[in-house]
Every structure is written in structure tokens, then in C-alpha cells.
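Observations on the three-dimensional arrangement
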Amino acid sequence: MFLTISTTGDQERPATDLGFLLHKHPERAQTFSTSHGTAHVLYPEASAERCTAALLLEVDPVALVRRGKGKGKGRGGAPDSALAQYVNDRPYAASSLLAVALAKVFKTALHGVCQAMPERAAAPLPLRVEVPALPARGGADLVRALFGPLGWDTVEAEPVALDAEFPQWGDSRYVRLVLEGELRLADALNHLYVLLPVLDDAKHYWVAPDEVDKLLRAGDGWLAGHPERKLITARYLSRRWGLAREATERLELVRLAEAEGLDVDDVDNAVDESTDTEERPVPLAEQRREAILRALEAAGAARVLDLGCGQGQLVQALLKDPRYTEIVGVDVSVRALTVAARRLRLDRMGERQAARVRLVQGSLAYTDKRLIGYDAAVLSEVIEHLDLPRLPALEYAVFGSARPRTVLVTTPNVEYNVRWETLPAGHVRHGDHRFEWTREEFRAWAAAVAERHGYEVGFTPVGPDDPEVGPPTQMAVFTRTDETSKEAAA
Ligand code: SAH
């Protein structure tokens, strides 16, 4: 059971860089134990011109049967017959097990990380992937339908005859797969990681609830828009319809956001106006967080929504303060939420801490019952990421439907842009900002929103309040008027 990944190069960009990108040295054969057997990585060829890495999985059929008995299930949910346990194609065919091994052995490469050569990891390279015997329920046509839309120049899927000497017996359910194209290595690995088990359609390990997260993470950037996303999702999750529905709905959010032109990937640098300016002593992002924390404290909030939480910096700050008993970070971007979960070390958090915080995927352009009933909601540097015509939808979702007592909204003050030394005149601060408002424009919007939904609104400058152009960030603090009148009566 094996696959090979090859690339080509020259003296300047040697093909052997593949070894760095895969974090596996071309001159050493390496062995890893996985739950289903032993995986080997070796390089049949390694020169500056051509380099091929092979991943080989030696499956332990006994371990497989034992595992299968305890937790797995037969194909389509039918119990494995006694014979099927021992006459098993698993050891020979590339399959879901190979994908599991791939994820284990090439974990870092799968995430697109390469400290030695970050720019090589981020750039497409000429790749050739071959899987000599790929079990494919649905045959060569399905293989082409699955890999076809993913940017490969060549998708070759050749049915393997049952027996080469007796062609009249027809084809087996295996195909020889060859993929060729200029892709990022991480993308290629993620395609294989998701689609090998999808084609195999017989998972031999338990599908845990976090498989949905794994699928969305591996499918980041290509699955939401894939024409076969429903089939991929259903099969990947072994037809667990509850999970498949959840995955489909979440993918739909991403697809809609992408269709609206939101660059959901582009969150990495969404906050850092400050790093390349004279702001250095206290970066603006930090001043903004401080201002938000002060306003939440003044409002006496304990249960807080961070809407468009991005990579979770504010959620992290809120967690440090015990007055916040429930913190929910919401974002449409799977990638941002993944980074946030890592930052918060959600998987290693103690039970008490973990009970206080949740990260959920959702789009603010739609009403969402999960957001009802909180003390406060924060929209920090989020509204400017929506197209103006979508803003009323966000307004309704937050002020009309969720209706927390307090809403904090921050957004850049465009008047201040002349003060950023590095910003060319007339440019917005971040490529994904759909608009940036003057103080006047922001105030007018906020006052109208407050009026429409029964809130009062006040404004706080964030950052140095320039006498001429105002502060770099403007913040509106909305308070529901039924609350302010209660206070007045008390
Ligand atoms: N609040 C964070 C991040 C701001 S960047 C901070 O202050 O640092 C804007 C964030 O809004 C991004 O993470 C983006 O994915 C998210 N976003 C944009 N449109 C959204 C939508 N319609 N629904 C939910 N989140 C959205």
C-alpha cells in the first residue's frame, strides 16, 4: 500500500527541497509505527533535478481485525462476516489507512508549515503524485470528478484489470491514480488526506465528533466550493448523517461568505496596523483590547460574545479575568478559529476553564439563535469586512435578534489614515476592508442603528486622539434603552 510524491527542480531550486518540506531527510529511510501497522518513508530518487518520496504502509492485518471488532463497523454498517475479517484487501490497497498514516507522518507538511523554507512551503511547486492501487468506489469517473476541480493539470485514473492475463474478467475496483500540476505541497497532501478515504469509502476507525473539524480544516480553501462537497462530506464522515449535515451547513457558511467576496483566509494580518508605525510602544490592537475590556467592565458584563473573534486575542484576554463567566468567540473563518483554538490551548485546558469558553463557526450576516441572551457583544474591527449592502443583515442579526444589553463596535477612522506613515494616500489599512468611515459617517450609522433597535449610543476614541483628524480607532458603545431606563428608575 503506497503512494509517491515527486517534484522537479534545478541547481538553484533543487528538487531535494522536498525533503525539507516533508520534514523527512532524503538520505535516510525512516519508519513510524501507526495504529494499523508500520509506515516507511523513503526516497527512490533524490537529485537536484528530480526527487521522489514514497510513503509505504505495512498493515498489520491482525491489529486491524482486533480494532475492527472493538470499535469499527463493516462496510455500510453491515457486520463483517467471519471470512471478511481475514480475506481483507486492506494490506494491499491504498486506502483510508494510508491517509491516516499520511496525516501522522507528514503532519507538519500537511499544515503547510516549514520553518527551514517558509517561502517554498507557501509557493506552488511542480508535483506528481502516484497511487498505484487506489480502491475507488465509483470508479475512474468519480476519481476524476473529485480531483478534477482542484487545480491539477492532469488527473489520470486508469482502471486496474482484475487479472491482466484475463481481460475478459473486467476491471477491479482499483484505479492507478496519477496527479500532476503546480500546487502547494500542503494543498496536495490535504487533497489526498480527505479524498483517499472518500474513494475507499470504508473507514476502519471510529468517526469521532471532531472529525468534522478535521475535515473542515483539511478542506480549507477547496472543499466549500467543490461541486462534489456533499458526497465528499457524507463519505468522509462514513455516512453519519448528523455529522455530515453539520459539516455541510458549516461549509455552506464558508461558501456563502466566499461568494460574497469575503476573503475568509485573510485574517492573519487583519489587526496589525501598528507593527510598522511609530505606534510601537503600545500597539493599537492592544489599546483597542484595553478599551474594550474597560467598556465591558463598566457595563458589568459577565457573559460575552466576541463576534468576528478572528484569532482569539480578545477571547484570551477575557479568559484571564474571572469576572467573565461565559465567553463565546464567533467567526466564519475555519482557519481563524483553528488558530484561536491553538492560541487558547483549548485541547489542553482544564475542565473549569474549558466550561467558560466556546468557539463557534457562524456568519454574522444571518440571525443565529445561539447568540441570544448574552450581556454584551463585541464587534472589534469586523463591520468594515462586510460589503456595505450586507451591513443591514449584520445589524439585524446583532441588534434585532441577539439583542445583548451592551454592544461594542470598533472600526478604523479613515480620517486618521493620513497619519500612518506607511499608508499611501487614499488606501485603506487592510486589503479586505470594504470601507473605512469618517467619524461623521460612523456616528451617523451608529445613531440610526440605535434609533431603529432601541439602544442608546456613545463614542470613545481609541489611540491618540489627534486634534485635527481624531483617533485611529473609533468605538461605539450601545446600551439597550430598557436597561438604561431601569437604571434611571432604580
Ligand atoms: N475581532 C478581531 C478580528 C478582526 S478581523 C480583532 O479585533 O482582532 C475580522 C474578522 O471578522 C475575521 O476573522 C473575519 O473572518 C471575520 N468575519 C468577517 N465577516 C464575517 C461574517 N460575516 N461573519 C462572521 N465573521 C466574519
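Residue positions are given per chain, counting from 1 as you read along its sequence in written order. Confidence filtering applies because this is a predicted model: local features only for residues at pLDDT of at least 70, side-chain atom pairs given and counted only at 80 or more, and all residues used for totals across whole chains, interfaces and linings. Only hydrogens and water are removed before side-chain values are computed, so all heavy atoms of the structure are retained for them.

It is worth spelling out a nonpolar patch on the surface at this point. A residue counts toward a patch only above 30% relative accessible area and without a salt bridge, and it is joined to like-charged neighbours within 9 Å or, for Val, Leu, Ile, Met, Phe, Trp and Tyr, to nonpolar neighbours within 5 Å. Residue-level accessible areas treat just the shown protein chains as cover; the underlying method is Shrake-Rupley with a 1.4 Å probe. Salt bridges are identified by distance alone: a Lys or Arg side-chain nitrogen within 4 Å of an Asp or Glu carboxyl oxygen. On the surface, F2, L42 and L56 cluster together into a nonpolar patch covering about 210 Å² of accessible area. By the secondary structure assignment, L56 is in strand β4 (residues 50–59). Numbering goes from the N terminus for both helices and strands, where a helix is a DSSP run of H or I of at least four residues and a strand is a run of E of at least two.

This paragraph deals with the pairing of strand β7 (residues 171–183). When strand β5 (residues 125–135) meets β7, the two strands line up antiparallel, connected through 9 bridges. Each residue of the ladder has a partner; that of L134, found in β7, is V175. With 7 bridges joining them, strand β6 (residues 154–161) and β7 adopt antiparallel strand pairing. Bridged to V155 within β7 is L179. Should DSSP find at least two bridges between two strands, the strands are taken to pair.

With respect to the helices, strands and loops of the structure, M117 is situated in the loop between α5 (107–110) and α6 (118–122). Residues M117 and F20, 97 residues apart in the sequence, show an inter-C-alpha distance of 7.4 Å. Ignoring any residue separated from it by four or fewer positions in sequence, one finds M117 in contact with D17, F20 and L21. It only takes one pair of heavy atoms within 4.5 Å for two residues to be counted as in contact.

With that out of the way, let us pick up the pairing of strand β11 (residues 376–380). Taken across its 5 residues, β11 has 4 buried, putting it largely inside the fold. The pairing of strand β8 (residues 303–307) with β11 spans 3 bridges and is parallel. Residue pairing across strands places V304 opposite A376, the latter belonging to β11. Relative to strand β12 (residues 406–412), β11 runs parallel, the two sharing 5 bridges. Residue pairing for β12: A377 is matched across the bridge by V407. Between the parallel elements β11 and β12, the chain passes through helix α16 (residues 391–402) in a crossover that is right-handed. Here's how the labels work: a residue is buried when its accessible area is under 20% of the maximum for its type, exposed when over 50%, partly exposed in between, all with a 1.4 Å probe on protein chains only. Seen with its strands pointing away from the viewer, a crossover is right-handed when the path leading from the first strand over the helix to the second is clockwise.

The next subject is unusual backbone geometry. A positive phi is found at R345, a non-glycine position, where the angle reads about 50°. Examined against the element boundaries, R345 turns out to sit in the loop between α14 (334–344) and α15 (351–354). Even without a glycine there, the phi angle at E381 is positive, about 55°. By secondary structure assignment, the location of E381 is in the loop between β11 and α16. Accessibility expressed as a relative area gives 7% for E381, which makes it buried.

Here we take up the sheet that holds β8. Strand order in the open sheet made by the 7 strands is β10-β9-β8-β11-β12-β14-β13, with mixed pairing throughout. On the outer flanks of this sheet lie β10 (357–361) and β13 (455–462), each paired with one strand and no other. Adjacent strand axes in the sheet meet at a mean angle of 15° when their direction is disregarded. Summarising the sheet, β12 and strand β14 (residues 473–480) pair through 7 bridges and their orientation is antiparallel. Within β14, the residue paired with V409 across the bridge is A476. Only the stretch in contact is used when fitting a helix axis, every axis being a line fitted to C-alpha atoms; angles between N-to-C directions are given from 0 to 180 degrees. Contacting β8, β11, β12, β13 and β14, α16 crosses the sheet at an angle of about 150° to β12.

With that out of the way, let us pick up the pattern of salt bridges. Under the definition given, this model contains 25 salt bridges. R288 is paired through a salt bridge with E381; the nearest N and O atoms lie 3.2 Å apart. Linking R288 in helix α12 (residues 284–299) with E381 in the loop between β11 and α16, this pair joins segments that are 93 residues apart in sequence. Taken individually, R288 and E381 each receive the classification buried, so the pair is uniform in this respect. Across the pair E468 and R419 runs a salt bridge, and its minimum N-O distance is 3.7 Å. Here the residue E468 occupies a position in the loop between β13 and β14, and R419 occupies one in the loop between β12 and α17 (439–453), the gap between them amounting to 49 residues. Put simply, R128, E130, E156, E158, R176 and E180 are held in one network by salt bridges that share partners.

Before going further, it helps to examine the sheet that holds β5. A sheet is described by the order of its strands in space; here 7 strands give the open sequence β2-β3-β4-β1-β5-β7-β6, paired in antiparallel fashion. Two strands in the sheet have a free side with no partner beyond their single neighbour: β2 (30–34) and β6. Strand-to-strand twist across the sheet, computed as the mean angle between neighbouring axes with direction ignored, equals 15°. Together, β1 (2–8), β2, β3 (37–46) and β4 form the strand contacts of helix α4 (residues 96–105), whose direction differs from that of β4 by roughly 120°. The strands touched by helix α7 (residues 139–147) within the sheet are β6 and β7, with β6 carrying the most contacts at an inclination of about 160°.

Working rule for helices: expected span equals 1.5 Å times residues minus one. With 16 residues, α12 should reach 22 Å at 1.5 Å per residue; the first-to-last C-alpha distance of 22 Å fits that figure. Within α12, burial applies to L284, A285, R288, A291, I292, L293, A295 and L296. Looking at the buried positions of α12, the neighbouring elements they touch are β8, α13 (313–319), β11, β12, β13 and β14. G300, located one to two residues past α12, shows a positive phi value of around 70°.

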